[in-house]
Amino acid sequence: MTATTLDRPVRTQEKPSMLKTFLSRNGSMMPTFAAILILILLFAGAEAFLRGDFITPRNISALLLDNAYLLVLAVGMTFVILTGGIDLSVGSVMAFTGILGARMLAEGAPVAVTVPTMLLGGAAIGLLIGILVQYFGVQPFIASLAGLFLGRGLAYIVSLSSIKVEEPAILWLQSTRMSFGGWYITPTGIIALSAVAIAAFVLHLTRFGRTIYAVGGNEQSARLMGLKVGRVKIAAYTISGFCAGLAGLILTAYSGAGYPRNGIGTELDAIAAVVIGGTLLIGGRGYVLGSMVGVFVYGTIKTIISFMGAEQSWMQIIVGALLLLFIVVQRAIVARSDGRR
Amino acid sequence: MNAIMKSRLVWPASALILLILVNTIARPQFIKITVRDGELYGALIDILRNSAPLMLVALGMTIVIATRGIDLSVGAIMAVSGAVALTIIDGSGDPGNLATVLIAVVVALLVSLVLGAWNGLLVSVFGIQPIIATLVLMLAGRGVALLITGGFITTVNSEPFSFIATGYLVALPFAFLISIAAIVAISVIERRTALGVLTEAVGINPEASRLAGVRSRGIIWSAYAVSGVLAGLAGVVYASNIRAADANAAGLFIELYAILAVVLGGTSLNGGKFSLAGTVIGVLIIQTLESTILFLGVPSAQSPVFFAIVVVVVVVAQSSRLRSDLTKLFRRTGAAPAPAQDREKAEVAS
Amino acid sequence: MTEDNVVPPIVEMTGITIRFPGVLALDRVDFTLRPGEVHSLMGENGAGKSTLIKALTGVYAIDAGSIVVAGERKTFSTAADAQAAGISTVYQEVNLCTNLTVGENVMLGHEKRRGNAIDWKSTHRAATEHMEGLGLTIDPRSMLSSHSIAIQQLVAISRAMVLDAKVLILDEPTSSLDRGEVEQLFGVIRGLRDKGVAILFVSHFLDQVYEISDRITVLRNGALVGEYPIAELPRDALVTKMIGHELEDLAAIASSSHRVIDRSGTPVVRAEALGKRGVLEPADLDVYEGEVVGIAGLLGSGRTELVRLLYGADRPDSGTIEVHGEHAKVHQPRHAIEKRISFSSENRREEGVVADLTVAENIVLGMQARLGWLRKVPKKDQDAVVQEYIEALGVRPANPNALVGNLSGGNQQKVLLARWLATAPELLVLDEPTRGIDVGAKADIQRKVAELSAQGLSVIFISSELEEVLRLAQRVVVLRDRRKIGELDSSSTDLDGLIDYIANAGEGSAA
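A.B. asks: Whenever I open this one, the overall build of chain B confuses me. Can you help?
C.D. replies: Summing up its helical and strand segments, chain B has 15 helices and six strands in all. Out of the 350 residues belonging to chain B, those deemed buried represent 56%. Sequence-distant contacts, at least 24 apart, represent 76% of the contacts inside chain B between residues at least 6 apart. Summing over all exposed atoms, chain B offers an accessible surface of approximately 13400 Å²; the carbon and sulfur share of this is 68%.

Laid out in structure tokens, this is it:
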């Protein structure tokens, strides 16, 4: 036994260097920092390429407003992915709640009824997915696939074609511009930013939020630690569904209409934004602010492509390549932290 | 063995027969097959013909799922394959030339093989979760297809190319014959060689298979490659049917329908034992359901609701089995009697 | 002792019975735990230790019996229930969340809050206080994953203190710790014991059990053997109680061990200094033609680890392997199989049978893997091989198309044996082939091993049942605490001698 008796100082740490402390505390932030770096590089590159025409208050403001619905979807998706799940339904649920709202308003329902119905409709589909996942043990992929079909089909049942929204209260959300110098923001932008702020608060400063991380880190452990795993998982899908409902509201206000074909493939954009923002798809690691960065990276690429007049197809290829890059980076991080143990 | 296969196929087969019966009662002409110029026509023939792309994709998906994987990129591969084939035909001086069409199809299939192999590389060598690994190509693939077609919907007027989807050979639709050929080829490859049983072994118990000396890496890789080629062929059939390469619409949602077909056919998403016959029946159920929904006058856009219901019913029906697999994850583990396997697992783990 | 009896027990389990389908996992087991004692639960694998712990922690429901905690009768249905009653558990694989910080893991679910918002500053301060109470001074804001398993274990114990645990269950806490780390953990355990916490300790390391425990409860085959104060139970008595003696009519096989092996030539397989850090100290092993080498040692002694390294199931850090005197690269099981080495894992369900395949498919799997996917073993050959081994080994039901998952453990083991024999190995490694199977199947398997080795097959045979090892093997390699401590000639030793060797050899003084 003497051979293995190492006099390792396991108990105390000699004053570690600042960097080491930082790394030991914030290793999981690395992918998010990488996303921020990519965002800065994109900005700098576009600015240089377009000779100073890119970073203008107008463009940056537009970046938020054009992607407000995606930001809200990404916020909900972050909750689900943090638990180690996935939600494929958000694009079609957004379309469903959007067209539902437009139809209700066209039929004369008051805003005070319509908007809560949209939000609760989204949350209800999320709840259904959560129950399938938790109580029936259905894989999140398949359960949310059912949600995807359901949302899309319901959207077409509500209406096969687009419905214009005339309701001033809804249009107000998009048309009101609060300007500060060249900067401006609309209520939709404020809603999206509030969603990020509330989510950040919930995830980092409530027991519920921390349980989400614990479940994603190790569901078995979380259960053995006496945490309410089932409830938290169902809540995560319900939140994602609610966010999809909210995104439906924003998109309806943004486009001034409900359209059942909205959001086809948007769930993939939301997943890509969340992953690019540094959230690990295996769950337990990531930040909702990172998801916001991911959405901005996504939005910036889109803007640059349209500035350059390049084909939109590059968008999908670049996002796919970025996704691959981040998956590889994440695998390396996970492999390293596993290796350390 | 026969008894097991039979019992596994009883439910999907009776569902299919029930669907056909209901349709026949509602509209007797459903079952009618007419012969015109030595070619067969009728609702059932249409189902067989139209199911070809889904059939091809679902066959590949079955093999991938048997390895405990999933392939989300099949729709994107269809789009790329169609784009490649049509761009070659369109670019050639003589679109009606049989040789041109053959070259186009072969090149499209080779490209699909490469894409499938790429998925296999990510999964089997880099060890990335299948859902994520194939998501990359699912996202980027359509972009590649758009690039190939230059962002347009390339249309061609090529007699030999149209024949693939709409032509007839020995009284049967050529597309259906392609399905049959694929079913036979895959069955032979999987069941006449040892590939099928080794695939199942890897899917059921990867660690036991490794210790038994099975080359699981190569087997998983081959599954994705096969899935890629079949998706490519499906893309060709699809493009031939609409005589165009539509990078956005080609194979949209087909991965979801293919997964549904596999599950309907009795193959578990947890991998392992797979049934190609079950998948064939699953595809026919989906296609017949689609045709039924259309007949009912429901706009096809609304059909996803029916499929959502089917998915929920199927997964909830299967859940008692899934549940036992996941018992130890449930809160009241002790209350529900768990099968011995899980108990033993828990025993070993602690 | 008298003092102990004065203190009322904190946990009293009486007549605990748990049935799993087809198995009586616990049969009317009694167990008591008193405040301020370290109580070790001992038994070989499958004895029921884990099941008893899971009954106490609310993971399994009990079929009969009662659990009384601090004078109150309790029924636990979740881990949270048990924790609320003051029972906390620290498992071998540390059930914490490595993706969170140390402080969070300590406080999760009990964070200090101001209003509804978590006050991280005071949460971390509280975590630090709890950890310092155990002499652990680490940054609560550092990630748990950046610390060693030893530290993580202490963090888990700190968490138990947050929950104000009266009972602390430590399930194999030391299995991946080095000597210094074990000392530190023991310091913490003694501190808690002195504060009146009742500690249930499970370990396969005898030295550690004797170092830390006040009392020992021994289980065997799901039944209680007895409860003993540590001073009244010498090591060899403990080992005997754990292993037990099974009387079997296997006299015919006994002659196997007296066979004389010619060890003058080159061994079939020779491993030198085979080791892996934290798993096994470098050990030598050689096997000659027709020889059965037994490996004896308690669970966790490194016996399984040694053969897994030999087979390429795990990658060794050090050592070389020679087959017939020629250097062999064995990085993967495939490579070993090419060198005609076969290995049957102790973990039959997880690493042995492919449950949803048939008996025939499972038997042919090894041959087929060797041959590759393209060349399917012809149906005729398959049937012949399958039929031959079903008959030779007496697989029941003798139906090649039955799903292996539906067979009993003994028959599954026979199927595995058939799989490996069908590949015509020169060295067959059997890890616990007789564990958890009925007596008849045990005898069948031992008889077959004796018969095959007499025909020239080399075998490495691992079993917790030392009679089996002595009966079959000509030579016994003994391991303890992840180290090879020696080899015995089985003709010159008996069961008591072997038990004594396992328990005491290399300790300086024999008990």
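Picking up where we left off.
A.B. asks: Quick question: what am I supposed to make of the sheet that holds strand β19 (residues 427-431) of chain C here?
C.D. replies: Note on sheets: strands pair through backbone hydrogen bonds, and any given pair is parallel or antiparallel. Residues and elements named next belong to chain C. If you walk across this open sheet you meet the six strands as β18-β19-β20-β15-β21-β22, and the pairing is mixed. Sheet topology places β18 (341-344) and β22 (483-489) at the edges, where each strand pairs with a single neighbour. When the angles between neighbouring strand axes are averaged without regard to direction, this sheet yields 15°. Pairing analysis gives four bridges linking strand β15 (residues 292-296) to strand β20 (residues 458-462), with the strands arranged parallel.

A.B. asks: Sorry if this is basic, but what is going on with the domain arrangement of chain B here?
C.D. replies: Interfaces are often sized by the amount of accessible area the parts lose when they come together. All names here are of chain B. Annotation of chain B at the domain level lists domain 1 (48-302) and domain 2 (303-350). Contacts between the two partners involve 15 residues from domain 1 and, on the opposite side, twelve residues from domain 2. When the two sides are added together, the surface that domain 1 and domain 2 hide from each other amounts to roughly 1100 Å², 68% of it contributed by carbon and sulfur. Of all residues in domain 1, the largest losses of buried area upon contact with domain 2 belong to Leu260, Ile293 and Gln302, amounting jointly to 33% of the total for that side. Summed over the shared surface of domain 1 and domain 2, the result is zero salt bridges.

A.B. asks: Just checking my understanding: could you explain helix α7 (residues 179-194) of chain C for this structure?
C.D. replies: Along an α-helix, residues three or four positions apart point the same way, because every turn accommodates 3.6 residues. Residue and element names in this part refer to chain C. The end-to-end C-alpha separation of α7 is 23 Å, in line with the 22 Å expected for 16 residues at 1.5 Å each. Along α7, the residues that are buried comprise Glu181, Val182, Gln184, Leu185, Phe186, Val188, Ile189, Leu192 and Arg193. Where α7 is buried, its residues meet β3 (38-42), α6 (149-162), β9 (167-171), β10 (198-202) and α8 (206-212). In the segment just after α7, Gly196 is the residue with positive phi, at about 100°.

A.B. asks: Even after reading the chapter, I still don't get empty space enclosed by the protein, so can you show me in this structure?
C.D. replies: Over the atoms rolls a probe the size of a water molecule, and its path tells where empty space is left. Applying the stated criterion across every chain yields a total of seven cavities of 30 Å³ or more. In this structure, the largest cavity spans a volume of roughly 210 Å³. Counting only elements with at least two residues in the lining of the largest cavity, the list comes to α11 (219-224) of chain A together with α3 (79-84), β6 (87-90) and α6 of chain C. With four residues, the top contributor of residues to the lining of the largest cavity is β6(C). Here the lining of the largest cavity is built from residues that sort into twelve nonpolar, six polar and one charged.

A.B. asks: Hey, could you run me through the pairing of strand β11 (residues 215-220) of chain C in this one?
C.D. replies: Each regular strand shows side chains that alternate between the opposite faces of the sheet. Residue and element names in this part refer to chain C. Burial within β11 is extensive, with five of its six residues counted as buried. Judged from the six bridges that link them, β11 and strand β12 (residues 223-229) form a sheet pairing that is antiparallel. Looking across to β12, one finds that Thr217 is bridged to Glu227. Counted between consecutive antiparallel strands, the loop separating β11 from β12 contains two residues, among which Asn221 sits at a positive phi close to 50°.

A.B. asks: What's the story with the sheet that holds β3(C) in this structure? I'm lost.
C.D. replies: Residues and elements named next belong to chain C. In space, the six strands of this open sheet follow the order β6-β9-β10-β3-β11-β12, with mixed pairing throughout. Only two strands of the sheet have a single neighbouring strand rather than two, namely β6 and β12. Each adjacent strand pair in this sheet contributes to an overall mean axis angle of 20°, direction not counted. The sheet contact formed by β3 and β11 spans four bridges and is parallel. If you follow Leu41 over to β11, its bridge partner there is Thr217. Where α6 meets the sheet, its contacts fall on β6 and β9, and the angle it forms with β6 comes to roughly 175°. Relative to β11, helix α9 (residues 235-243) is tilted by about 30°, and along the sheet it contacts β3, β11 and β12.

A.B. asks: Sorry, what's going on with the nonpolar core here?
C.D. replies: Where a protein is soluble and globular, its nonpolar side chains tend to be buried together. Membership of the largest hydrophobic core comes to 357 residues, with the highest contact counts inside it found for B:Phe161, C:Val155 and C:Ile157. If one sorts the elements of this core by residue count, helix α4 (residues 68-82) of chain A sits on top with 13 residues. Sequence-distant contacts of C:Val155, that is, excluding residues within four places in its chain, are made with C:Leu96, C:Val102, C:Asn105, C:Val106, C:Met131, C:Leu136, C:Ile138 and C:Leu144. C:Ile16, C:Ala55, C:Tyr60 and C:Val69 belong to the second-largest nonpolar core, a separate cluster that totals 33 residues.

A.B. asks: Just checking my understanding: could you explain the interface of chain A and chain B for this structure?
C.D. replies: In this assembly, 40 residues from chain A lie in contact with 48 residues from chain B. Summing the contributions of chain A and of chain B, the shared interface buries around 4100 Å²; its carbon and sulfur component is 78%. Where chain A meets chain B, there are zero salt bridges. Across the contact surface, chain A and chain B share three residue pairs in polar contact (both at pLDDT 80 or more). Secondary structure elements with two or more residues in the side of chain A that touches chain B: α6 (111-135), α7 (140-158), α11, α13 (266-276) and α15 (313-340) of chain A. Looking at the side of chain A that touches chain B, the element that brings in the most residues is α7(A), giving twelve residues.

A.B. asks: It is not clear to me how the environment of A:Leu71 should be interpreted in this structure. Could you clarify?
C.D. replies: All names here are of chain A. Summarising the element assignment, Leu71 is placed in helix α4. Relative accessible area serves as the criterion here: at 1%, Leu71 is assigned to the buried category. Those residues in contact with Leu71 that sit more than four places away from it in its chain are Leu64, Ala192, Val196, Met292 and Val295.

A.B. asks: Which parts of the structure should I look at to understand the environment of A:Ile55?
C.D. replies: All names here are of chain A. Tracing the backbone shows Ile55 in the loop between α2 (30-49) and α3 (57-66). By relative accessible area, which is 41% here, Ile55 ends up partly exposed. For the pair Ile55 and Phe43, spaced twelve residues apart in sequence, the C-alpha to C-alpha distance is 7.0 Å. Setting aside chain neighbours within four positions, we find Ile55 in contact with Phe43, Glu47 and Ile60.

A.B. asks: It is not clear to me how helix α11 (residues 303-311) of chain C should be interpreted in this structure. Could you clarify?
C.D. replies: Residue and element names in this part refer to chain C. Burial of α11 is extensive: eight of the nine residues sit out of reach of the surface. When α11 is considered as a whole, its buried residues turn out to be Arg303, Thr304, Leu306, Val307, Arg308, Leu309, Leu310 and Tyr311. Gly312 sits one or two residues past α11 and shows a positive phi near 85°.

A.B. asks: Help me understand the packing of helix α9 (residues 187-205) of chain A against helix α14 (residues 288-308) of chain A in this model?
C.D. replies: Between two packed helices, both the angle of their axes relative to each other and the distance between the axes serve to describe the pair. All names here are of chain A. Viewed as axis vectors pointing N to C, α9 and α14 meet at an angle of 150°, and their least axial separation amounts to 9 Å. Between α9 and α14, the interaxial angle falls into the category roughly antiparallel. Each of Leu193, Val196, Ala199, Ala200 and Leu203 in α9 lies in contact with α14, whose residues at this interface are Val288, Leu289 and Met292. Each residue belonging to the contact of α9 with α14 can be placed in one class, and the counts come to eight nonpolar, no polar and no charged.

A.B. asks: Mind showing me how you'd approach the pattern of salt bridges here?
C.D. replies: Throughout the structure, instances matching the rule amount to 33 salt bridges over all chains. A salt bridge links B:Arg191 to B:Glu200; its shortest N-O distance comes to 3.1 Å. What makes B:Glu200 buried here is its relative accessible area of 1%. Of the charged contacts, one joins C:Arg215 and C:Glu227 as a salt bridge, the two residues approaching to 2.5 Å between their closest N and O atoms. One end of the pair, C:Arg215, is in strand β11; the other, C:Glu227, is in strand β12, with twelve residues separating them in the sequence. Classification of C:Arg215 as buried rests on a relative accessible area of 3%.

A.B. asks: For this particular structure, what's the right way to read the confidence of the model for chain A?
C.D. replies: The predicted coordinates should not be examined in detail at positions where pLDDT is low. Residue and element names in this part refer to chain A. Model confidence for chain A is summarised by a mean pLDDT of 86, while 89% of its residues fall at 70 or above. Predicted confidence in chain A is weakest over helix α1 (residues 18-26), with a mean pLDDT of 66, and strongest over α4, with 97. This stretch, residues 1-14, has a pLDDT under 50; its non-local contacts, to residues over four places away or in other chains, come to 22 contacts.

A.B. asks: I keep staring at the pairing of β18(C) and nothing clicks. Help me out?
C.D. replies: Residue and element names in this part refer to chain C. Residues of β18 alternate between two faces, with Ile341 and Phe343 on one and Ser342 and Ser344 on the opposite face, all of them buried. One ladder, built from four bridges, connects β18 with β19; its direction is parallel. The residue of β19 that forms the bridge with Phe343 is Val429.

A.B. asks: What is the right way to look at the packing of aromatic side chains in this model?
C.D. replies: To describe a pair of aromatic rings, one takes the distance between the centres and the angle between the planes. Applying the stated criterion to the full structure yields seven aromatic pairs over all chains. Aromatic pair B:Tyr41 and B:Tyr168: ring centres 5.2 Å apart, planes at 40°, arrangement tilted. Remark: B:Tyr168 occurs in strand β4 (residues 168-169) and B:Tyr41 occurs in strand β2 (residues 39-41); sequence separation between them is 127 residues. Taking the relative accessible area as the measure of exposure, B:Tyr168 reaches 15% and is therefore buried. Centroid distance B:Tyr257 to B:Phe307: 5.0 Å. Interplanar angle 90°. Geometry classified as edge-to-face. A residue pair is termed long-range when its members are at least 10 positions apart, and B:Tyr257 in helix α12 (residues 254-264) and B:Phe307 in helix α14 (residues 304-325) qualify at 50 residues. Residue B:Tyr257 is classed as buried on the basis of its relative accessible area, which comes to 13%. When its relative accessible area of 1% is taken as the criterion, B:Phe307 is described as buried. Counting every residue linked through ring pairs, the aromatic cluster contains A:Phe149, B:Tyr257 and B:Phe307. The ring of A:Tyr213 is capped by A:Arg210, whose NZ or CZ atom sits 4.4 Å from the centre of that ring.

About the cut-offs
Residues numbered from 1 in each chain as written. Chains lettered and ligands numbered in written order. Predicted model: local features only at pLDDT ≥ 70, side-chain atom pairs only at ≥ 80, totals over all residues. Heavy atoms only, no water. Helix = DSSP H or I, 4+ residues; strand = E, 2+ residues; numbered from the N terminus. Buried < 20%, exposed > 50% of the residue type's maximum accessible area, 1.4 Å probe, protein only. Contact = heavy atoms within 4.5 Å. Areas by Shrake-Rupley, 256 points an atom, 1.4 Å probe, with all protein chains shown as cover. Pairing = 2+ DSSP bridges. Axes fitted to C-alpha atoms, helices over the stretch in contact; angles between N-to-C directions. Domains from an automatic or database assignment. Buried area = accessible area lost by both parts, 1.4 Å probe. Salt bridge = Lys/Arg side-chain N within 4 Å of Asp/Glu carboxyl O. Expected span 1.5 Å × (residues − 1). 1 Å grid on protein atoms, 1.4 Å probe; cavity = no way out; pocket = protein on both sides within 12 Å on 5 of 7 lines; lining within 4 Å. Points joined across faces, edges and corners; volume = space filled by probe spheres on them. Nonpolar A, V, L, I, M, F, W, Y, C, P; charged D, E, K, R; others polar. Core = buried A, V, L, I, M, F, W, Y, C linked by side-chain atoms within 4.5 Å. Polar contact = N/O pair within 3.5 Å; in protein donor to acceptor, adjacent residues only side chain to side chain. Parallel < 35°, antiparallel > 145°, perpendicular 65-115°, else oblique. pLDDT = per-residue confidence, 0-100. Phe/Tyr/Trp six-rings, centres within 6.5 Å; stacked < 30°, edge-to-face > 60°. Lys NZ or Arg CZ within 6 Å of the ring centre and 35° of its normal.

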